Amino acid sequence: MQYLYGWLVVISLFAIVLTAKDKRAARRKKRRVSENALLTAALLGGSAAMFFTMLLTRHKTKKAKFMLGIPCILFVQVVILAWAHHGMTV
């Protein structure tokens, strides 16, 4: 489980940086981070960090794909993590 938690920390930090980078690029009208890259980072475990970063920076908050999709991904990940943790302790 330590490796899993380590991965979650790393991917969460990456998701925060990726979201902040896209927000900055949007403000400066520069090349953006693709939506697929953002969603992939969320799917790989960075959904909680990405969601809170989106709310804090007010980025992608008008896009249903993100405001509904990221919480759904997060919910599924929490269920899987709880199941995996419970399975490890039994």
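Rules behind the numbers
- Residues numbered from 1 in each chain as written.
- Predicted model: local features only at pLDDT ≥ 70, side-chain atom pairs only at ≥ 80, totals over all residues.
- Heavy atoms only, no water.
- Core = buried A, V, L, I, M, F, W, Y, C linked by side-chain atoms within 4.5 Å.
- Buried < 20%, exposed > 50% of the residue type's maximum accessible area, 1.4 Å probe, protein only.
- Helix = DSSP H or I, 4+ residues; strand = E, 2+ residues; numbered from the N terminus.
- Contact = heavy atoms within 4.5 Å.
- Salt bridge = Lys/Arg side-chain N within 4 Å of Asp/Glu carboxyl O.

Take the nonpolar core next. Most often, soluble globular proteins keep nonpolar side chains buried together rather than apart. Judged by nonpolar contacts, the single largest core of 13 residues is most densely connected at Leu38, Met50, Phe66 and Ile70. If you list the elements that add at least two residues to this core, you get helix 1 (2–28), helix 2 (35–57) and helix 4 (69–89). For leucine 38, the residues in contact, after removing those within four places along its chain, are Leu18, Thr19, Asp22, Val33, Met50, Lys60 and Phe66.

Tracing the backbone shows aspartate 22 in helix 1. Those residues in contact with aspartate 22 that lie beyond four places of it in its chain are Arg32, Val33, Leu38, His59 and Lys60.

Here we take up the pattern of salt bridges. One pass over the structure, following the stated rule, counts five salt bridges. Between arginine 32 and aspartate 22 there is a salt bridge, with the nearest N and O atoms lying 2.8 Å from each other. Pair noted here: arginine 32 is in the loop between helix 1 and helix 2 and aspartate 22 is in helix 1, with a separation of ten residues, a long-range link. For the salt bridge of glutamate 35 with lysine 65, the shortest nitrogen-to-oxygen distance reads 2.9 Å. Taken as a pair, glutamate 35 in helix 2 and lysine 65 in helix 3 (residues 64–67) lie far apart in primary sequence, 30 residues in all. Shared partners join several salt bridges into a network, and the residues in it are Asp22, Arg32, Glu35, Lys60, Lys63 and Lys65.

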